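Residues per chain are reported as follows:
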Amino acid sequence: MERLRHDDPPRLGPYLTLARLDADSTDGGAVPERRYLARTADGERTVLLCAPLPDAAATAAWAMEAELASRLSVPRFLRPASQGSEAGLPWYAVPYTPVLPLPAALAAHGGPLPEDLVRRLGAALAAGLAAAHARGQAHAGVSPAAVLLGAAGPLLGCFGAVRSAAPGGRPGLDPGCLAPELRSGGRPEPLGDVFALGAVLAYAASGHTVPEQSELPPGLRRLLASCLARDPADRPSAPQVLHALSTTGPARTPAPAPAATPAATPAATVLDEQAPPPLPGRVVAALAAQSAELLASELPAAPPARPAPQKVH
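Note that residues are indexed from 1 along each chain, following the sequence as it is written. Side-chain atom pairs in this predicted model are given and counted only at pLDDT of 80 or more, local residue features only at pLDDT of at least 70, and totals for whole chains, interfaces and linings cover all residues. Values shown for side chains rest on all heavy atoms present in the structure; no hydrogens or waters enter the calculation.

Draft legend 1. Broad picture of the overall build of the protein. Helix numbering and strand numbering both begin at the N terminus, where a helix is a DSSP run of H or I of at least 4 residues and a strand a DSSP run of E of at least 2. In terms of regular secondary structure, the protein is built from 9 helices and 9 strands. Partly exposed residues are those whose accessible area sits between 20% and 50% of the maximum for their type, while under 20% is buried and over 50% is exposed, using a 1.4 Å probe and protein chains only. When burial is assessed residue by residue, the protein has 49% of its 313 residues classed as buried. Throughout, a residue-residue contact means that at least one pair of heavy atoms, one from each residue, lies within 4.5 Å. In the protein, the share of contacts with a sequence separation of at least 24, taken over all contacts with a separation of at least 6, comes to 65%. As presented, the protein carries roughly 14,800 Å² of accessible surface, and 56% of it is formed by carbon and sulfur atoms. Computed with a 1.4 Å probe, the accessible areas rest on the Shrake-Rupley method; for each residue, only the protein chains presented here act as cover.

Structure (structure tokens):
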């Protein structure tokens, strides 16, 4: 939890903002939206509350992406439960459970995550992306800060960040997560998500989205290199990444997906029946501290609700 800043809204819809989820600046922590821990004035509901950045020039596009995300039922995708607008600022909310953005998890752990955990997290995220890609939908917002770690496993937020960026503007993501075709103005596609997933796993394993090969665990080097290929045709598909990460021992480099073959729903794997990956003790402690601090937070005085516009006769 981070303290609110002077330019943060005290209220969005029925929710009073209590704290920021994200630190102002951390390595790999660029976030394309504002994320708050918030609560209703009666104290009954606590939520993760998201809104576009203060200087966002495409708030309408951001709201459209949030609406699309609310209609998608994809494993591991953060799904808005309610939406609205306050003084022209759109927002969406999801019920609160303790979560840490991936950069905060690395900070709590004191460095990169163990290879086995990186594999398990990557497999969970790849399964979600594979399900979305099978429906012809690219996430277009995968980055370290978009990954939220909790006791139930990882979730992917920041849906559609690239699509909702203002024309010619930056989507607010770590530059290392933008595939070359996106940096040159191309349309978000599933294989761009694979590139971003490779950068996220590189970050989890090394602390950098663009690490040196020597910084990565040997068992992940070939797979991540294939995900980060400059040519999309040389990258594996999300189901192939899932298969490679689900394989014990050294990672296998899957063949690139055939360009003309439509994505298929990924087959079930042993990971589907397993419990979420165990998190390191310091990360668990940070999640517990967040929950305790939030429970102890006092509600600020509720600002007056804006009066409904009156009709002029």
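Draft legend 2. The packing of helix α2 (residues 102-109) against helix α6 (residues 190-206), seen in detail. It is the contact of α2 with α6, at a shortest axis distance of 10 Å, that shows an interaxial angle of 15 degrees. One finds that α2 runs roughly parallel with respect to α6. Considering only the axes of α2 and α6, their crossing is right-handed. Here L102, P103 and L106 of α2 come into contact with α6, specifically with V200, Y203 and A204. Under the scheme applied, nonpolar residues are Ala, Val, Leu, Ile, Met, Phe, Trp, Tyr, Cys and Pro; charged residues are Asp, Glu, Lys and Arg; polar residues are all the others, including Gly. Considering only residue class, the contact of α2 with α6 consists of 6 nonpolar, no polar and no charged. Between N-to-C directions, angles span 0 to 180 degrees; the directions come from axes that are lines fitted to C-alpha atoms, helices contributing only their stretch in contact. Orientation is classified from the angle alone, with under 35 degrees giving roughly parallel, over 145 giving roughly antiparallel, 65 to 115 giving roughly perpendicular, and any other angle giving oblique. Put simply, a crossing is left-handed when the front helix is turned counterclockwise from the back one by less than a right angle, and right-handed when it is turned clockwise.

Draft legend 3. Region of the structure containing the sheet that holds strand β9 (residues 153-156). Only when DSSP finds a minimum of two bridges between them are two strands counted as paired. Ordered by their spatial adjacency, 3 strands build an open sheet running β7-β8-β9, and the pairing between neighbours is antiparallel. The open sheet terminates on both sides in strands that have one partner only, identified here as β7 (100-101) and β9. As defined by bridge partners, β7 adjoins strand β8 (residues 147-150) across 2 bridges and the pair is classed as antiparallel. By the bridge assignment, L100 is partnered in β8 with L149. Most of the contacts of helix α3 (residues 115-134) go to β9, to which it runs at about 40 degrees, and overall it touches β8 and β9.

Draft legend 4. Molecular detail of the packing of aromatic side chains. Here a Phe, Tyr or Trp ring, Trp counted by its six-membered ring, pairs with any other such ring whose centre lies within 6.5 Å, and the pair is stacked when the planes are under 30 degrees apart, edge-to-face when over 60, and tilted otherwise. What the rule picks out here adds up to 3 aromatic pairs. A ring pair is formed by Y15 and W91, whose centres lie 5.7 Å apart and whose planes are at 85 degrees; its orientation type is edge-to-face. In this pair, Y15 sits in strand β2 (residues 15-20) while W91 sits in strand β6 (residues 89-95), placing the two residues 76 residues apart along the sequence. For the pair shown, Y15 and W91 are each scored as buried. With 5.5 Å between their ring centres and 25 degrees between their planes, W62 and Y92 make a pair best called stacked. Separated by 30 residues along the polypeptide, W62 in helix α1 (residues 59-71) and Y92 in strand β6 bring together distant segments of the chain. Classification of Y92 as buried rests on a relative accessible area of 5%.

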